[in-house]
Amino acid sequence: IPLCGLAGKVNSQDNKTEKRTIIHAGNIYGKRSIDQLNEAVTQAKTMIDDLHEKLEILLYGTVCVGYERVLSMSNNDIIKFCGCLSQDDLREKMKTADALLLIDPIDENNYCFPSKLCEYFQYDKIIIGIAGLNTPSYDALKESGHIVSDSNDISKISDAIVSIANNKKSIRSKIDKSY
């Protein structure tokens, strides 16, 4: 897995506006997949021509599958594979993120509540969830006013990406009103 930011690294001093950052913390393996995220980024690129200048999605941890597909769909300018960090370093990164990303296993019989979601709730961040309908993650994110999409709803995932890239303040105010 390549280290985050080595290829195509943009110096933030060269940008007039700072990139929005979405972070996924943890390993992606088994029934977890970044395929829906990858497809949603491709769709979001059709809505915002310069999306790579406005947004980056940083995946911290081991990603067992999907890297080649991200490359083949030319989304590695937005989706970055960052490898593993110490827990303290990862917490510092999460504090500076604009949003946190939860990718649940794609399984209609998933009744587990991920501990990652408990950790995410500790931060005052927008959480974007990709989860199966009627799963504990889906219900918790929906009830708390965060952004959650069924794993198969690429358009809704794409809309969340575009919203973060364009206007994070309006999303944050929606969440604040829900608590």
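These notes cover the structure that comes with them. (Residues numbered from 1 in each chain as written. Predicted model: local features only at pLDDT ≥ 70, side-chain atom pairs only at ≥ 80, totals over all residues. Heavy atoms only, no water.)

### Things to note about the overall build of the protein chain
When helices and strands are counted, the protein chain shows 8 helices and 6 strands. When the helices and strands of the protein chain are placed in sequence order, the string is β-α-α-β-α-β-α-β-α-β-α-β-α-α. Taken over 179 residues, the protein chain has a buried fraction of 47%. Look at the contacts in the protein chain between residues 6 or more apart in sequence, and 71% of them connect residues 24 or more apart. For the protein chain, the exposed surface amounts to about 9400 Å²; the carbon and sulfur share of it is 48%. (Helix = DSSP H or I, 4+ residues; strand = E, 2+ residues; numbered from the N terminus. Buried < 20%, exposed > 50% of the residue type's maximum accessible area, 1.4 Å probe, protein only. Contact = heavy atoms within 4.5 Å. Areas by Shrake-Rupley, 256 points an atom, 1.4 Å probe, with all protein chains shown as cover.)

### Comments concerning the side chain of Gln36
Along the chain, Gln36 falls in helix H1 (residues 35-47). Exposure remark for Gln36: the relative accessible area of 11% places this residue in the buried category.

### What about the pairing of strand E3 (residues 79-83)?
In terms of residue burial, E3 counts as a mostly covered element, since 5 of its 5 residues are buried. With burial as the criterion, each face of E3 is covered, one bearing Ile79, Phe81 and Gly83 and the other bearing Lys80 and Cys82. In this sheet, E3 lies alongside strand E2 (residues 55-60) in parallel orientation, the contact comprising 4 bridges. Within E3, the residue paired with Leu59 across the bridge is Phe81. (Pairing = 2+ DSSP bridges.)

### Looking at helix H6 (residues 136-143)
Count 3.6 residues to each turn of an α-helix, and residues three or four apart come out pointing the same way. Taken together, the buried positions of H6 are occupied by Ser137, Tyr138, Ala140 and Leu141. Considering only its buried residues, H6 is in contact with strand E4 (99-103), helix H5 (115-121), strand E5 (126-131) and strand E6 (147-150). Where H6 ends, the next residue or the one after it, Gly145, has phi of about 85°, a positive value.

### A closer look at the packing of H1 against helix H7 (residues 154-166)
The interhelical angle for the contact between H1 and H7, taken along N-to-C directions, is 60°, at an axis separation of 8 Å. Taken together, the axes of H1 and H7 lie oblique to each other. By crossing handedness, the relation of H1 to H7 is classed as right-handed. Residues Gln36, Leu37, Glu39, Ala40, Val41, Gln43, Ala44 and Met47 of H1 lie in contact with H7, whose contacting residues are Ile154, Ser155, Ile157, Ser158, Asp159, Ile161 and Val162. In terms of residue class, the contact of H1 with H7 is made up of 9 nonpolar, 4 polar and 2 charged. (Axes fitted to C-alpha atoms, helices over the stretch in contact; angles between N-to-C directions. Parallel < 35°, antiparallel > 145°, perpendicular 65-115°, else oblique. Left-handed = near helix turned anticlockwise from the far one by under 90°. Nonpolar A, V, L, I, M, F, W, Y, C, P; charged D, E, K, R; others polar.)

### Description of the pairing of E4
Most of E4 sits inside the fold, with 5 of its 5 residues counted as buried. Across the two faces of E4 the burial is the same, with Ala99, Leu101 and Ile103 and Leu100 and Leu102 all buried. As paired elements, strand E1 (residues 20-25) and E4 share 2 bridges and run parallel to each other. By the bridge assignment for E4, Ile23 is matched with Leu100. Pairing of E4 with E5, which is carried by 5 bridges, proceeds in the parallel orientation. Its bridge partner lying in E5, Ile103 is registered against Ile130.

### What about the state of the cysteines?
Summed over the entire model, instances satisfying the criterion amount to 0 disulfides. Not engaged in a disulfide, the cysteine Cys84 finds its nearest cysteine sulfur in Cys64; these two sulfurs lie 10.0 Å apart. Accessibility expressed as a relative area gives 57% for Cys84, which makes it exposed. (Disulfide = S-S within 2.5 Å.)

### What to know about the sheet that holds E3
The sheet built from 6 strands is open, its strands ordered E3-E2-E1-E4-E5-E6 with parallel pairing. In this open sheet, the two strands that pair with only one neighbour each are E3 and E6. Pairwise comparison of adjacent strand axes, ignoring direction, gives a mean angle of 20° for this sheet. Sitting on the sheet, H7 is in contact with E1, E2, E4, E5 and E6, with an inclination near 155° to E6.

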